[in-house]
Amino acid sequence: MITLSDDPRLSLARGALGAVRIVHGPTLPPRVLRLVDADGNEFFAKQHSERDRYTRELHAYLAWGAHLIGHVPRVVGRQDRTCTLLLTAVRGVRADAVAPGSPEEEQAHYEAGRVLGKLHHATSEPGTGAVGTELALRLRDWIARADRAGLISTAEADRMGHRADVLANTLMDSAVCHLDYQPRNWLLGDAFGMCDFEHMRRDARIRDFARLEFRRWQAAPHLRTAFFAGYGTPLNDTEQRLLESFGAIEAVTALVRGHEQDDLALSSHGRTVLARLA
């Protein structure tokens with residue numbers, strides 16, 4: 001068991017910043033520490049349990065953070081041996097704390113679209129078949145996992161398999177994507193902030209809207225409108241149909257992760273999205 005005296009997050013922070021104190025927050029995941037230095041500046045120290053996620057998040061901040069200056073944390077320290085990052089804090093409150101239906105919520109979605117648009121437009125590449133082929137293979141792997149666990153019927157597996165066929169035969173633009181873009185990873189303050197880059201990679205550009213489409217916008221379409229007003233380019237009919245196909249990935253990953261983590265809410269979400277695709 002790691003104690004605070006030998007916690008690599010504190011060791012990294014003290015080596016880079018000097019004396020720091022911990023600020024406890026109920027919404028922080030256990031692997032993240034919120035810290036304040038002697039001058040009152042805030043930082044986050046994050047230790048990954050999986051090396052590939054550490055490597056991906058570090059690369060994301062170093063390679064693509066330049067497209068989002070003023071909106072994302074900066075890396076001020078790292079320890080590769082323990083997969084630990086020290087990041088500046090973007091000031092603001094999490095967007096999922098904003099009252100549903102409020103003007104602040106609508107403005108948050110507008111700003112989220114505007115900032116994600118900066119990243120996508122700076123890194124977009126024209127459509128090829130490679131992205132769709134890779135996503136189809138990934139979807140089929142998740143379908144197989146769900147089938148082995150007895151989470152889906154034969155008919156449901158066949159329907160999602162058809163969605164995999166669609167992806168494999170579709171040309172789609174790619175861009176650097178956040179891939180967990182939703183209000184819990186947005187910060188509302190003097191400037192709009194975004195965080196948690198551990199899933200970030202080049203992927204199908206349209207897929208970066210999937211979490212919002214299937215977790216937020218179905219019940220509040222005005223938020224979709226606000227988002228794309230900020231983004232600057234609304235979805236055309238072909239892109240909207242492609243987004244529906246990404247719902248199969250959203251559904252089956254939620255079912256499998258919900259089952260593995262005994263997360264009833266996530267499992268229920270997967271079942272809801274799967275029913276919509278019927």
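These numbers come from a predicted model, not from an experiment. Along every chain, residues carry numbers that run from 1 in the direction the sequence is written. Residues qualify for local features only when their pLDDT is at least 70, as the model is predicted, and side-chain atom pairs are given and counted only at 80 or more; totals for whole chains, interfaces and linings, by contrast, use all residues. Note: side-chain values were computed over all heavy atoms of the structure, leaving out hydrogens and water.

Draft legend 1. How the structure looks around the nonpolar core. We call a set of buried residues a nonpolar core when its members are Ala, Val, Leu, Ile, Met, Phe, Trp, Tyr or Cys and they connect through side-chain atoms within 4.5 Å of each other. The cut-offs for exposure are 20% and 50% of the maximum accessible area for each residue type, with area from a 1.4 Å probe on protein chains only; residues under the lower value are buried, those over the upper are exposed, and the others partly exposed. Leu167, Tyr181, Phe209, Phe227 and Phe246 are the most contacted members of the largest nonpolar core, which totals 62 residues. Helix numbers and strand numbers start at the N terminus; a helix is a DSSP run of H or I with at least 4 residues, a strand a run of E with at least 2. Here the element with the most residues in this core is helix H8 (residues 237-261); it accounts for 9 residues. Contacts are assigned to residue pairs with any non-hydrogen atoms lying within 4.5 Å of each other. The contacts of phenylalanine 246, once residues within four sequence positions are left out, are Leu135, Leu167, Met172, Ala204, Ile206, Arg207, Ala210 and Phe214. Formed by 9 residues, the second largest nonpolar core is a distinct cluster that contains Leu12, Leu33, Phe43 and Ala45.

Draft legend 2. Representation of the environment of threonine 233 within the structure. Its location among the elements puts threonine 233 in the loop between helix H7 (221-231) and H8. If near-sequence neighbours (up to four positions away) are discounted, threonine 233 is found in contact with His121 and Phe228.

Draft legend 3. Molecular detail of the packing of aromatic side chains. Stacked, tilted and edge-to-face pairs are distinguished by plane angle, under 30 degrees for stacked and over 60 for edge-to-face with tilted covering the rest, among Phe, Tyr and Trp rings (Trp via its six-membered ring) whose centres lie within 6.5 Å. For the structure on display, the rule yields 12 aromatic pairs. A centroid spacing of 5.3 Å and a plane angle of 55° characterise the contact between tyrosine 181 and tryptophan 186, whose relative ring orientation is tilted. You can call tryptophan 186 buried: its relative accessible area is 0%. On the basis of an interplanar angle of 75° and a centroid distance of 5.1 Å, the ring pair of phenylalanine 209 and phenylalanine 228 is categorised as edge-to-face. A residue pair is termed long-range when its members are at least 10 positions apart, and phenylalanine 209 in the loop between strand S11 (201-204) and helix H6 (210-217) and phenylalanine 228 in helix H7 qualify at 19 residues. Pairwise contacts between aromatic rings join Tyr181, Trp186, Phe192, Phe209, Trp217, Phe227, Phe228 and Tyr231 into one cluster.

Draft legend 4. Looking closely at the environment of proline 73. As for its position among the elements, proline 73 is in the loop between helix H2 (51-64) and strand S4 (75-79). The class for proline 73 is buried, based on a relative accessible area of 10%. Between the C-alpha atoms of proline 73 and cysteine 195, which are 122 residues apart in sequence, the distance is 7.0 Å. Sequence-distant contacts of proline 73, defined by excluding residues within four places in its chain, comprise Tyr61, Leu87, Thr88, Val90 and Met194.

Draft legend 5. Representation of the sheet that holds strand S10 (residues 192-194) in the model. The rule for pairing is simple: two strands pair if DSSP sees at least two bridges between them. Ordered by their spatial adjacency, 3 strands build an open sheet running S6-S9-S10, and the pairing between neighbours is antiparallel. In the strand order of this sheet, the two ends are held by strand S6 (93-94) and S10, each with one partner. Relative to strand S9 (residues 186-188), S6 runs antiparallel, the two being bridged by 2 bridges. Residue pairing for S9: arginine 94 is matched across the bridge by leucine 187. Simply put, an axis is a line fit to the C-alpha atoms, just over the touching stretch for a helix, and the angle between two N-to-C directions goes from 0 to 180 degrees. Contacting S9 and S10, helix H3 (residues 103-123) runs over the sheet at an angle of about 65° to S10.

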